[in-house]
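Architecture at a glance
Single-letter residue listing:
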Amino acid sequence: MPEQSSYDGYDLEPAYKLAREQLAGIEDMEQLCLKSDARYLVTGSQQEIAIGYLNRLYRIAMPNIEVLLTDSGEEVPIKDRVLILHYLLSANGTPITNRQITFKELPGGGNYFRTFSKRAIEPLVEHFGEQPHVLIDTAGKLGGHTVAFGDVAVTVNAFSRVPVTIVLWQGDEEFPAQGDILFDAAISDYLSTYDVTVLCESIIWKLVKLSGEGRASGQ
């Protein structure tokens, strides 16, 4: 299981190295893929894992455990590489419950909520709180779809078994805009609470980047 301490700080190379070593030590790759809803592919002597992450397909090449994009030669950011490997290593196959919980309901979430809010919720509100329709348009680029929460809400499947629901309440003259991020109750069977924070931070900033690209192109 990935540990929070190996993932903290700015240098993620040790965390990536450790996760690669842990994955290389897995004897039953087919079972690991079954638990995470990934695919284990064998073509001759070539072996790889195919997995979807934020509406893009990735492959993990064996035996060196390299995380690569299937449809592009661009380098995968190390934060995404670590999240993908942590998800594979942590997944235990629990079915999605369709019951939403807040970050504070995750193990240790109450103690870590202030940091989570600063890294994910505050940027969400800052960039989309006054223009919630932009969130809807942009989330579609990550495979997101609208759901019935707050004034505006979208669910993005970070991984096939990790739906993340982003909620906004639009502000007015009396009250500022507010936001929240909700999770399926089974999420802790797939990612640690710290990895959930990093995942949400990554999703929000990908949405911010995509929204800027959309405005720049006149969409």
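Report follows, based on the coordinates.

The rules behind each value
Residues numbered from 1 in each chain as written. Predicted model: local features only at pLDDT ≥ 70, side-chain atom pairs only at ≥ 80, totals over all residues. Heavy atoms only, no water. Phe/Tyr/Trp six-rings, centres within 6.5 Å; stacked < 30°, edge-to-face > 60°. Helix = DSSP H or I, 4+ residues; strand = E, 2+ residues; numbered from the N terminus. Buried < 20%, exposed > 50% of the residue type's maximum accessible area, 1.4 Å probe, protein only. Lys NZ or Arg CZ within 6 Å of the ring centre and 35° of its normal. Pairing = 2+ DSSP bridges. Axes fitted to C-alpha atoms, helices over the stretch in contact; angles between N-to-C directions. Contact = heavy atoms within 4.5 Å. Arc of directions from axis to C-beta. Core = buried A, V, L, I, M, F, W, Y, C linked by side-chain atoms within 4.5 Å. Polar contact = N/O pair within 3.5 Å; in protein donor to acceptor, adjacent residues only side chain to side chain. Salt bridge = Lys/Arg side-chain N within 4 Å of Asp/Glu carboxyl O.

With that out of the way, let us pick up the packing of aromatic side chains. The relation between two aromatic rings is expressed through the spacing of the ring centres and the mutual angle of the planes. All chains considered together, the criterion is met by nine aromatic pairs. A centroid spacing of 4.0 Å and a plane angle of 0 degrees characterise the contact between Tyr-87 and Phe-159, whose relative ring orientation is stacked. Residue Tyr-87 is located in helix α3 (residues 78-90), and its partner Phe-159 is located in strand β7 (residues 152-159); the two are separated by 72 residues in the primary sequence. You'll find Tyr-87 and Phe-159 in the same group, each marked buried. Ring geometry for Tyr-87 and Tyr-190: centres 5.8 Å apart, planes at 20 degrees, overall stacked. With Tyr-87 in helix α3 and Tyr-190 in the loop between β9 (178-184) and α6 (193-216), the pair connects residues that are 103 residues apart, well separated along the chain. Through a chain of ring-to-ring contacts, the aromatic side chains of Tyr-53, Tyr-58, Tyr-87, Phe-159 and Tyr-190 assemble into a single cluster. Arg-81 extends its terminal NZ or CZ atom over the ring of Tyr-16, reaching a point 4.8 Å from the ring centre. Over the aromatic face of Phe-113 sits the side chain of Lys-104, whose NZ or CZ is 4.6 Å from the ring centroid.

Right, let's talk about the sheet that holds strand β2 (residues 46-53) for a bit. With respect to topology, four strands assemble into an open sheet ordered β1-β2-β3-β4, the strand pairing being antiparallel. Two strands bound the open sheet, and with one partner strand each, they are β1 (39-43) and β4 (66-69). The mean inter-strand angle of the sheet, taken between neighbouring strand axes irrespective of direction, is 30 degrees. Sheet topology note: the β1/β2 ladder contains five bridges and is antiparallel. When the bridges of β2 are listed, Leu-41 appears paired with Glu-48. Where helix α2 (residues 29-36) meets the sheet, its contacts fall on β1 and β2, and the angle it forms with β1 comes to roughly 145 degrees.

Looking now at the environment of Val-162. Structurally, Val-162 is set in strand β8 (residues 162-169). A C-alpha to C-alpha distance of 7.1 Å links Val-162 and Asp-184, two positions 22 residues apart in sequence. For Val-162, the contacting residues outside a window of four places in its chain are Tyr-87, Val-156, Asn-157, Ile-187, Tyr-190, Leu-191 and Leu-199.

A separate point is helix α5 (residues 132-139). Note: α-helices contain 3.6 residues per turn, so residues at a spacing of three or four share the same orientation. All of the buried residues in α5 are Pro-132, Val-134, Leu-135, Thr-138 and Ala-139. The buried side chains of α5 occupy one side of the element, clustering within an arc of 150 degrees when seen end-on.

Below, the discussion takes up the nonpolar core. Ranked by size, the top nonpolar core spans 67 residues in total, and within it Ile-60, Leu-88, Val-162, Val-164, Ile-181 and Phe-183 carry the most contacts. Sort the elements by how many residues they give to this core and α6 lands first, with 10 residues. In contact with Val-164, other than residues within four places in its own chain, are Val-154, Thr-155, Val-156, Ala-158, Ile-181, Leu-182, Phe-183, Leu-199, Cys-200 and Ile-203.

If you walk across this open sheet you meet the five strands as β5-β9-β8-β7-β6, and the pairing is antiparallel. Two strands close off the open sheet at either side, each with one partner strand: β5 (100-101) and β6 (145-146). When β8 meets β9, the two strands line up antiparallel, connected through six bridges. In the strand pairing of β9, Trp-169 is matched with Gln-178. Contacts from helix α4 (residues 109-128) reach β8 and β9 within the one sheet, and its direction differs from that of β9 by about 125 degrees.

This part is about the side chain of His-86. For His-86, the location among the structural elements is in helix α3. Note on His-86: relative accessible area 1%, which makes it buried. Only 2.8 Å separates the side chain of His-86 from the side chain of Asp-195, close enough to count as a polar contact.

This model, assessed by the stated rule, comprises nine salt bridges. Between Glu-66 and Arg-20 there is a salt bridge; the shortest N-O distance is 3.0 Å. Of this pair, Glu-66 sits in strand β4 while Arg-20 sits in helix α1 (residues 13-24), placing them 46 residues apart in sequence. The class for Arg-20 is partly exposed, based on a relative accessible area of 24%. Among the salt bridges present, the one from Arg-81 reaches Glu-75, with a minimum N-O distance of 3.5 Å.

By themselves, these figures tell us nothing about what the structure is for.
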